[in-house]
Structures are given as structure tokens and as C-alpha cells.
Amino acid sequence: MLSPRPYPLLRYAGAALAPALLLAALPDLARAGLVGEHDALSPAGPQAMHIDRLWRALLWGCTAVFALVTGALVFAVVQHHPAPDTHDLPAPARRRVVRVISFAVGLCVAVLSWFTAETLIAEHRLRGLERPEDDGHLTILVTGRRWWWDIRYEFPQASDIVATANEIHIPVGRPVHLRLVTADVIHSFWVPALHGKRDLIPGRENHLWLQADRPGVYEGQCAEFCGYQHAKMRLLVIARPEDEFHRWIAEQRLPAREPATESERLGREVFLKSSCVMCHTVRGTGAASRAGPDLTHLASRRTLGAVSVPNTRGHLAGWILDPQGIKPGNHMPPHAFPAEELHPLLDYLESLK
Amino acid sequence: MRAPETKRPRLGLLGGFVVALAFAFVLAACRQEERRFRETPSRAGAGPIAQGDLRPGGVTPGASAPNPYEGNAHAIAEGKRLFAWFNCNGCHFAGGGGIGPALMDLKWIYGSEPAQIFSSIVEGRPDGMPAFRERLDDQQVWQLVSYIQTLGGVPPPGKPVDRAHLPAPPGEGAKSRETAPGD
Amino acid sequence: MTPQDPRPCDAASAASDAAPPAGPRAYDAWLDEASLRRTWTRAPGFYGWLTATDHKEIGRRFIATAFIFFLVGGVLAALMRIQLASPENTFLSPDRYNQIFTMHGVTMMFLFAVPMMEAAAIYLVPLMVGTRNLAFPRLNTFSYYIYLFGGILLYVGFVLDIGPDAGWFAYVPLAGPEFSPGKRMDFWAEIITFLEISALVGAVEIVATVLKLRAPGMTLRRMPLFVWAMLVTSVMIVFAMATVETASVYLILERLVGTHFFNPAQGGDPLLWQHAFWFFGHPEVYIIFIPATGMVAQILIAFSQRPIVGYPAIVTAMIATGFLGFGLWVHHMFTTGLPWIGLSVFAIISMLIAIPSGIQVFCWIATLWNGRLRLRTPLWFVLGFIFIFVLGGLTGVMLAAVPFNFQAHDTYFVVAHFHYVLIGGAVFPLFGAFYYWFPKLYGRMLSERLGRWNFWLMFVGFNLTFFPMHKLGFDGMPRRVYTYLDETGWRPLNQLSSLGAVVLALGVLVFVVNVVRSLRRGTPAGDNPWDADTLEWAAASPPALENFRNPPVVDSRYPLWTRTPDAPVVVGLSDRVQEALVTTAIDATPDHRTVFPGPSIWPFIAACSVTLLFFGTIFTLWAVPVGLVLLTTSLVVWLWPRHPDADRDEAPPAS
């Protein structure tokens, strides 16, 4: 995991050696940033853990039932069959059959009752983890848009609000309240390692409570078909210790870094006079459109395109020049920047930590 | 024993008949449903800025470039989205006009041909229409034009506008569409 | 009706009918079989084909058409598996993939599963209840043409890039006017609306046939289980299909007229669509499953050479499933944020429905246990069905648990679940049923050797394809994704799944080869090659056009096992008009004779009108008045009342 402020020297050297480095280890490392933990059966939070417990009960019960039924089936077929002369079943056999079936049905009812009880218990536990909304918990407004996640950390004071995209940072061990809304069609927010999913439905606001009990990167994905790029509407939930989280929030609250070099200054000019400002915000400049993701701290994010490609210079260039090649159908148009504009622009965007 | 009925030829005949009928029915729909995602990028209006014929009381001569996305369902939907995203409705409202002129009526100060609407968006126009050259891609502008064409004020290509029943607005007689430059 | 009392039931029969003589031999001599055959033969040629009303012919057409759609749907699935075999594959664009998975769902659910079950019923139910044709034969013909036209037009749209692309379930607002521009989802909405008319009228016919046309003596308690299954299914269809048509009409109005049923900005709600659709969608799967349970019961009886264990329990279970099936739909919506209490109620009912299904499974196993088993292909498919369906049913019980559903919903776990219950629970029984009833339909046996290959390839291939999907779902893979990143680690299981699909496809190919070869060179089959118990095996293989020379009288639940050489039959039905005996609903005592209308072109014309009405509306609202006028005209002509004896009077004299 790259630290937020690499040394300037390293950055220049990296830029100069970019081609060579890209060909070497960097792509693998960078692409590793595209995934996080995504196994529902390896829970990292209390909600996922309760669901996992329920799953284990269901799995045991169903496996036992399946084994019994399949065993009976195999036995029924394989066992020696008498060759009687009538089609009818003798009376004692008939009575035994009725007894066995009644017992099996009784067993069914018992197992299903057990499952129902486990379900209601798990539901109760999940409800218990939903805290009242006015308890001062960290609240994040998640707006689903085709095909990215618009994240806003809500705080009482307007200047404290943090806007980012496709990455949610949360402190470890604290419940976090997500308010789920959508700007267009139905989406579904799902981070399997932390909780089940909740739909984002136009005209209503849904709620989800998350908590990560250990630091890590948890991967999520939209789980309700929403059009062409439903497959690549992914997100990362990054759980960090409390102090790191506060540092991250404080950095995110700052406006965009002023360009430090001539190239970066030129890059900002390119940004401001091109079509970028039609959709993107960079706080501290005049770019303030909310149609696309907030780019104020673009370089602090690990990925681009809703966790489609790693956030490296090469991929950023590819994303700007040909986003339709990476995510055909998404709303970012291609751009034909000549090289003398592209490189300063990339320098500027890479400076937006 | 009865031989199995040879139903395949009859099924094929009927099926072919129905398919041919349906084919004729839906042939026109082909182009309408294309989704063209990956177009060559080009900054709208890039290139040398042409001197227009814009002058008080005159109109830009009708350009002849057709709208490559005309009638395309996806483009119209995208145009509608962009219309809202880029705040066209800030001045044009939902087409009824307000601060800016209406886009639903038959009055087009700078022409209602697709290429003329394209120019108006790209070049900007006096009295408040910003120039979106450099800010929009060609494809996006054509998508907007496609959407605007569906708002009702733009007659389908080839169909003449019947203006006989419309009263000439006061003082706008010299700005009518039919006036050719140099008239 | 006994041979000693061969008076016609209807004492006021027309004077042109001479009373048939007493005594079986005299009656036999009197009955003009050639005349009977002629009465039931339709006109030859293309016009005759268009006007056909014989349930066996229409049933075979339904079966062939549904099977073709099954193959096409399978090809679409194969395309998806090719695309998903490797990460970031470019075999299919996202747009094309969306169209393909939508068409796969629509094809399998609307064009294959329900029509195939109805096809089996259309063919078998009249034979099984001992009558000569379905009630309302022309309606049956109409139903077929509606189905054919709807299916063809849907595929025409698909081929021309106007196929639907928002899923077979068409959630709004994605499927609404704003996010599905163009005509693609209009195709979906209009075609689904009129296609389901086909299923509805089929259900009406089956209910009428089962309740009114049963052979004398076939009380409800003696009805074959397949007939019971189709009765329950048909009643479900009437309620469920009406709902989906209402929902799709809402969608049509939303898209074409500009209503706001689903627009929250104007007081509508996207969840209204989900409720309306799933109120149909869940019963739909039981509509597909319950007929399969009927088929399975018939096969088990024949191959165990035993009465089915727990007949009353199975019937009750079918009816209970039918009722409960309408109370579960919200389990498709657990993640939408509905209140907890509602979710809990639906969770409990969803678990509850496992009990009637479980009862049926236990009864089947018990029948096997005590039977004299002959392991032939139909039975193999039934065994495979029990194995696969029970597994799928258990994952269904898991999905009923709401918190678990939060994780598994809309992932490949669900894909695995429903393919287990649908392929296991419907496709395997259908294949088994086809092997079982093929001799009756075509007079030849299917190859047993190829049948074994068919079964094992399908069984192994199916499990290879779909079992890994359970794990994929847990691993975070959602549904309806056209690709995935390699870093997610989903590639190995996806590759395994795609490999399994190849094996499954091979199994289906073996089936096609088997059918084609056996149609020409299969062993000729007798009337009852399996020594089965139900009435269709009393007819010839394939049955004569009139089904039975003398419709049978039933004295037990397993008529062919208990009948004697001098068993009574129904006599007195005319050989000059298409006549059948109507009996009472519960006890099947003879009531009166009815005359079926003969072949007619008006069902075809009416079907064309309905198609024009709905399909044309996609393009112009003028289709509404024009289509309605045409439809009204054709219905009026079709249904113009005829004097009850008109057919008798017109019937040519016996020559």
C-alpha cells in the first residue's frame, strides 16, 4: 500500500523510468490493488459473522438431510427387490411405509423449525447492530450512479464534508452508517466480507450498518443489474486504525494541492480549459460539476473507473484517452489530448493526493 | 403403423412466411437501436474557427452536414442525460425556454438544421449561449442535437415547415428562416 | 354404461342417429370405424395444417417448437459460458451479453418451460382421462399460433439488435423509458403480454377437460397424478399469468404512453414492478415444477410396477404447493429494504413450502423402495431428478433464511440454486417423460443405450456446470456480469463451469441423435411397452385420430392393471360428428354428449390479429384500433353460436 505522500524524488524518478518500471513489477503490484477480501465465508465484521454462523447451521442441517435422502434413494434402488405377482403392496409393508414417511415428515418439520429459529435469531442480532441514527455515528451517503459509487462523508459542518468516489475508508471497530440512495436505476451495495447487500432504489433511502473488526481492504460490487457496466461497478472498503482514519479524513478535507512544478501548472490549465470541468470537481479550482467523480484527491485512490484498473500513470492515460475501451458504454467520453497536453495533465492529476 | 408426420416442411413454410412478414415490419428499426460506444474522440469544433455570416438580422447559412446519430434511440437518451447534466435546462428549461429561447417551438434564430444546432452549441451565440467548443466531444454534441430534434420544434428532415398559420412576431420579420443571406 | 345397455346417454338424440344395437359384437359390427376415422381426420395440405384442431397434432407441434426454443436457449447459455470462461474476455460486448442473458431467461422461462409442460398436458391429458379431444379444440390451436408468433417475433427482434436487454425480469427503472431507450424493452413488454395469453387459454382448456371430460368411473380420487398436477398447475396459471400480463401492460403504458406507475417523482414506486412481477414469478416456477412431479409419479408407477405410495398425500402436497406458491414472492426482494416483520413472514412461508415438496419426495422414494424396479432410461432421469432437485430445494431453504439471503441474493449462488431446481426439477423429468411417452407419440422406442449416454452426460455435465457456482456466489461473484477481473480469482471455477457446459451440451446432442434415429429406425412399440397403468396406454401407439375406438370406463386408480377382458366401454358416441362424453366433475358419472367443433381457420386469423394488435403497438398506436377491429371480427365469426345439432345435421350419412 503506497503511503499518501511519496518523496518528490521518487516520483520524478518514477515518471522518468515509467516505461521500464511498468514492464517490471509495478503492474502486478498495482493490479493487486484492484482486489480486496471478498469472501462471504471469511467475515471481517460482526454482521458478516452472524450471517456466517447462520450459514453454518444451514449447511450442516441441509447436508444431513441431503445425505439421508440420497442414502434412502440409493438404498431403495440398490436393495434386492422381490418379484411378487401382483401390483399391490402387502398390508404390513403399507403400514411401515406410512410410519416411515410420517417420521421423515416430522424430521423435516423439526429441521425447518430449527432453521426458522436460527433465521430469526440472526435477524434479531443484525437488527441489534443497527444503531439509532442520531447517535453521532459516522454517516456516509452512498449514491449509486451508473456505473460508479458517489461517496460523501456527512458531517454537521459543511466544511467537514468529504466527497470521494469508489473507495470508502472506515475506522476499525466502529459501526458506520451508510445511507443508500441512487441517482438513476436500482443498484445494490455489497461488500461480502462485511455484510449482506442492500439495494439502492430510486425514491427511497435504504440503510446499512457496517463494521470492520480488523484492518484490511474489502472489496465490494454492485449486485443489481444496472446496465452495460454493471460488471465493473466495484468499490473498495478500506478499514484503518482510528488515527490513520482521522489523518485520511483530514487530508481529504483539504482542497486540491497547488501545483508545485511548471508541468503541473500547465496540466491544471489543460484540465480547466478542457471538457473535464463539465463533469468533475476539483475543490480549490473552478471545476465544480457533480456529474462525475470528485477528483480533488484522485491520486490518493488506488484505482480508477470504479476499481476497474489500477491508478497508475499508464492506466490514467489510457482512461482519459479511451475510457470506452476499458468500460464500453460508460459515461466518460474519449479525449484526444496531444502529448504535450497529456503529460502535464497527468502530472497535475498525479499531484492531487 | 403410421409413419411420423413430416411436419418440418410445413413448419418451415409457415415460419418462413411469418419471419418474412416480421422482417419487413422491423427492418427500419435496425439503425435506430445501434449503441455506438467507442467513437473516435474529437473535440467539438476543433480546428480553425470559421468566420460565420452572423450579423444583426441575418442567419448563419444552412450547413449541410447531417446528424450521424439522427433517430438513434441510444443517442437521444444520452442527449437527454447530457441536457440535464450540463445544465442546458438552466436556461432552456425543459425545452420551453425561459432565460434562453424555447427549443420546442418553430422559432430558431440561428437555424434548425442539425448542423446549425451543432454550430450554435459549439460556437455559442450572442445574448448568453456559451460556446461549448473544447468542452464537449463531437459525439456528445450530436447526441444533444439528436435529443433536441425530438423536442418538437425541429421538423423531420425533408418535411417543410408550414409557417403560414403563425403570426410574424413583431420586429422579427427580418429574422425569418426563409430570408437568405444577401436578400 | 355396460355392453348390455348401450343406449346413448342423450335420450333426445337426433333422429338421424339410429340407436346402436345391443351386445358387444353387434355393436362392434355396427360401428363404422372408417367413418369414425374420417370424422376425425382433418383436411390435407397446408390449409388443413393451419386449421388443425386435434390435440395430438397440436401437442406435437408445441413439443417440437418448445424443444427448438430449448436448444436455442441452450446455445445462448453456451455463448455466455464461453464469454465467462476467461476474465476480461472480449468474445461478447457488454451490450450483446445483456441481450443474450435476457433472451436466455425469456426463452427458457416463457418459451420453453411452461409451453413444454402445457404441451405434455395437451397431448396426454385427453388420452389419460379417456376422451377424444381437449375441451375447446379451436382455442388450443389459437394458443399454439400465439405462442409461435410471439416466440418468432422475439427472436426476430434479437437478431436485428432490437432484442430486450434489461433482463427477463425487466426491473424498472432500468427497463423503463428513461434507461432503456428505443424499442428493445417494448418488444419484451408487448410480446410477453400476448404470449402469456397462450398459456392462459391452455390452462382453461386443461381445467375444462379434466373436470368435464373424464371417462366414466374416473372419480377425482382415481385420476392419474399427472392429471392432478396439470389441474393444479392450470389453476395457478390462470392467476399467475394474469398478473404478469397486468404488470407488462403497466410497463407498456409507462414506456409508450407516459404513465408514472414506477416513477417516484410522480408518486409511483419501482418496487411496484417487483411485487407485481414476482407475484407471477414465484408461482411460475411451481407452474414449471408441479407438472414435472406428475410426470415423475407416472414414471415411478410404471417402473416400480406398484401403486404410488401416498396418493392422497401427494395430491394434497400438490394443492398445498399451489396455494403456498402464491405467498412467497417477497423472497425475491429481501434486500430491498422492506420492513423486517414482512421479511420474516415470507421467510417462514418460504421454508414451509419445503414440506409438501418433501412429502412428495418421500412418497417417491417409498414407491421405489417397494417396487420391482426396471432401470430404464426414464427411471434414470427420475433418479437424477430426485438427486438434483433435492439439492436445489435445500439451497432454496437456505435462501429463505433472510440474513443468509442478504449475502447470496443476486450472486451465482442463486444461479446455481435455480438451475438445480429448474433443470433438475423440470428438464430431467421432461427428458425422462419423453423417453417414457415417445413410444406412445411416435410408435417407436428410443434407444436404451443412447439413453444411458444421454443421461449420464447430462447428469455429470450439469453438476460440473452448476455446482461450482455455489462457491462463486460466496466468493463475491454477482449475477448478470459480462466479465470479471482475473484478480478476483473466479477464473478456475468459471472455467470448470464452462467445461461442464460442454459435457451437458453433448448430452443434449446425444438426445437429438437418439430422437432422429429412433424416429426412423427405432424398435416398433406396442400399445403398452412399459406395462403401465394409465389409459393412454390402452390406445394404439401412436393413437388413432379419435384416440379410442370405444372410450374406456374406469374402475380403479390404475385402470390398465385392474381391467378385465370384458371391461365396460363407452358406446353410442357418433361416428359422424366429433363427439365426446361429458361427465360430472367429481364422480365422473355420464352426463351428456358434446360435439366438438371441427377444424377452423379462425383461430389462426384471430392469432394473427392479436399479434398485430400487440406487436404493431410497438411501432404505432394505429395498431390498437386496427388490431382490435380485426380481432373482434375474427372472434365474432369464430364464436358465432351454432345450433347444438347443426353438426349432426350436416354430418354426411354413413356410407
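In the block above lies the structure referred to throughout.
Residues numbered from 1 in each chain as written. Chains lettered and ligands numbered in written order. Predicted model: local features only at pLDDT ≥ 70, side-chain atom pairs only at ≥ 80, totals over all residues.

Novice: How should the overall build of chain B be read in this particular structure?
Specialist: A count of helices and strands for chain B gives six helices and zero strands. In chain B, the succession of α and β elements from N to C terminus is α-α-α-α-α-α. Counting all 183 residues of chain B, 29% fall into the buried class. Across chain B, the fraction of contacts at a sequence separation of at least 24, relative to all contacts at a separation of at least 6, is 73%. (Helix = DSSP H or I, 4+ residues; strand = E, 2+ residues; numbered from the N terminus. Buried ≥ 20, exposed ≤ 12 C-beta atoms within 10 Å, placed from the backbone. Contact = placed C-beta atoms within 7 Å.)

Novice: Explain the overall build of chain C here, please?
Specialist: In terms of regular secondary structure, chain C is built from 21 helices and two strands. Relative to the compact-globule value of 26 Å for 655 residues, chain C shows a C-alpha radius of gyration of 25 Å, a close match. Considering only residue pairs separated by 6 or more positions, chain C has 80% of its internal contacts joining residues 24 or more positions apart. (Rg over C-alpha atoms; globule rule 2.2 N^0.38 Å.)

Novice: Looking at this structure, I do not really get the environment of Gly71 of chain B. What am I missing?
Specialist: With respect to the secondary-structure elements, Gly71 of chain B resides in the loop between helix H2 (29-32) and helix H3 (73-85). As for Gly71 of chain B and Tyr147 of chain B, which are separated by 76 residues in sequence, their C-alpha atoms are 8.8 Å apart.

Novice: Explanation requested: the sheet that holds strand S1 (residues 138-145) of chain A in the structure shown.
Specialist: What holds strands together in a sheet is hydrogen bonding between their backbones, with the strands either parallel or antiparallel. All names here are of chain A. A sheet is described by the order of its strands in space; here five strands give the open sequence S3-S2-S1-S5-S8, paired in mixed fashion. Edge positions in the sheet fall to strand S3 (162-165) and strand S8 (206-210), since each of these pairs with one other strand and no more. For this sheet, the mean angle separating the axes of adjacent strands, direction not counted, is 25 degrees. As defined by bridge partners, strand S2 (residues 148-154) adjoins S3 across four bridges and the pair is classed as antiparallel. Across the sheet, the residue bridging to Asp150 is Ala165, located in S3. (Pairing = 2+ DSSP bridges. Axes fitted to C-alpha atoms, helices over the stretch in contact; angles between N-to-C directions.)

Novice: Is there a simple way to think about the interface of chain C and chain A in this case?
Specialist: Often, the extent of an interface is quoted as the loss of accessible area upon association of its parts. Taken together, the contacts link 72 residues of chain C with 71 residues of chain A. For the side of chain C that touches chain A, the elements supplying multiple residues, two or more each, are helix H5 (94-129), helix H9 (270-304), helix H11 (340-352), helix H12 (354-369), helix H13 (377-400) and helix H14 (402-408) of chain C. Considering every element that reaches the side of chain C that touches chain A, the biggest residue donor is H12 of chain C, with eleven residues. A class-by-class count of the residues in the side of chain C that touches chain A yields 46 nonpolar, 18 polar and eight charged. (Nonpolar A, V, L, I, M, F, W, Y, C, P; charged D, E, K, R; others polar.)

Novice: Even after reading the chapter, I still don't get the pairing of strand S4 (residues 167-171) of chain A, so can you show me in this structure?
Specialist: The two faces of the sheet receive side chains in turn, since in a regular strand these alternate between them. All names here are of chain A. Extensive coverage of S4 is indicated by the burial of five of its five residues. Of the two faces of S4, the one lined by Glu167, His169 and Pro171 and the one lined by Ile168 and Ile170 are each fully buried. As paired strands, S4 and strand S10 (residues 234-240) are joined by five bridges and run parallel to one another. Each bridged residue has a counterpart across the sheet, and for Glu167 the counterpart in S10 is Leu236.

Novice: Got a minute to help me understand the sheet that holds strand S9 (residues 216-221) of chain A in this structure?
Specialist: Residue and element names in this part refer to chain A. Read across the sheet, three strands follow the order S4-S10-S9 without closing on themselves; strand pairing throughout is mixed. Looking at strand neighbours, the two that pair on one side only are S4 and S9, the edges of this open sheet. For this sheet, the mean inter-axis angle between neighbouring strands, taken without regard to orientation, is 25 degrees. Judged from the six bridges that link them, S9 and S10 form a sheet pairing that is antiparallel. Bridge pairing in S10 links Gln221 to Arg234.

Novice: It is not clear to me how the nonpolar core should be interpreted in this structure. Could you clarify?
Specialist: Burial of nonpolar side chains together is a common tendency in soluble globular proteins. Among the nonpolar cores identified, the biggest contains 298 residues, and Val237 of chain A together with Val227, Ile299 and Leu300 of chain C are the most heavily contacted of them. The leading source of residues in this core is H5 of chain C, at 23 residues. Sequence-distant contacts of Ile299 of chain C, that is, excluding residues within four places in its chain, are made with Pro378, Leu379, Val382, Gly432, Ala433 and Tyr436 of chain C. Ranked by size, the runner-up nonpolar core spans 24 residues in total, among them Cys88, Leu103, Ile117 and Tyr147 of chain B. (Core = buried A, V, L, I, M, F, W, Y, C linked by C-beta atoms within 7 Å.)

Novice: Just to check I follow, could you spell out the packing of helix H16 (residues 448-474) of chain C against helix H17 (residues 491-521) of chain C for this structure?
Specialist: In helix packing, the relevant descriptors are the interaxial angle and the interaxial distance, both defined with respect to the helix axes. All names here are of chain C. Direction vectors running N to C along H16 and H17 enclose 160 degrees, while the axes themselves pass 7 Å from each other. One finds that H16 runs roughly antiparallel with respect to H17. Read as a crossing pair, H16 and H17 show a hand that is left-handed. Each residue belonging to the contact of H16 with H17 can be placed in one class, and the counts come to 21 nonpolar, eight polar and one charged. (Parallel < 35°, antiparallel > 145°, perpendicular 65-115°, else oblique. Left-handed = near helix turned anticlockwise from the far one by under 90°.)

Novice: What am I meant to see in the interface of chain B and chain A here?
Specialist: With 13 residues of chain B in contact, the opposing surface of chain A contributes 13 residues. Broken down by class, the residue content of the side of chain B that touches chain A amounts to five nonpolar, three polar and five charged.

Novice: Can you walk me through the packing of helix H8 (residues 225-257) of chain C against helix H10 (residues 311-324) of chain C in this structure?
Specialist: Residues and elements named next belong to chain C. Running from N to C, H8 and H10 point in directions that differ by 15 degrees, and their axes come no closer than 10 Å. It follows from the interaxial angle that H8 and H10 lie roughly parallel. Here H8 runs over H10; the crossing is right-handed. Every residue of H10 that contacts H8 at Leu225, Trp228, Ala229, Val232, Val235 and Met236 is listed here: Ile314, Val315, Met318, Ile319 and Gly322. Looking at the contact of H8 with H10, its residues break down into ten nonpolar, one polar and no charged.

Everything listed here is a matter of coordinates, which is why it stays silent on function.
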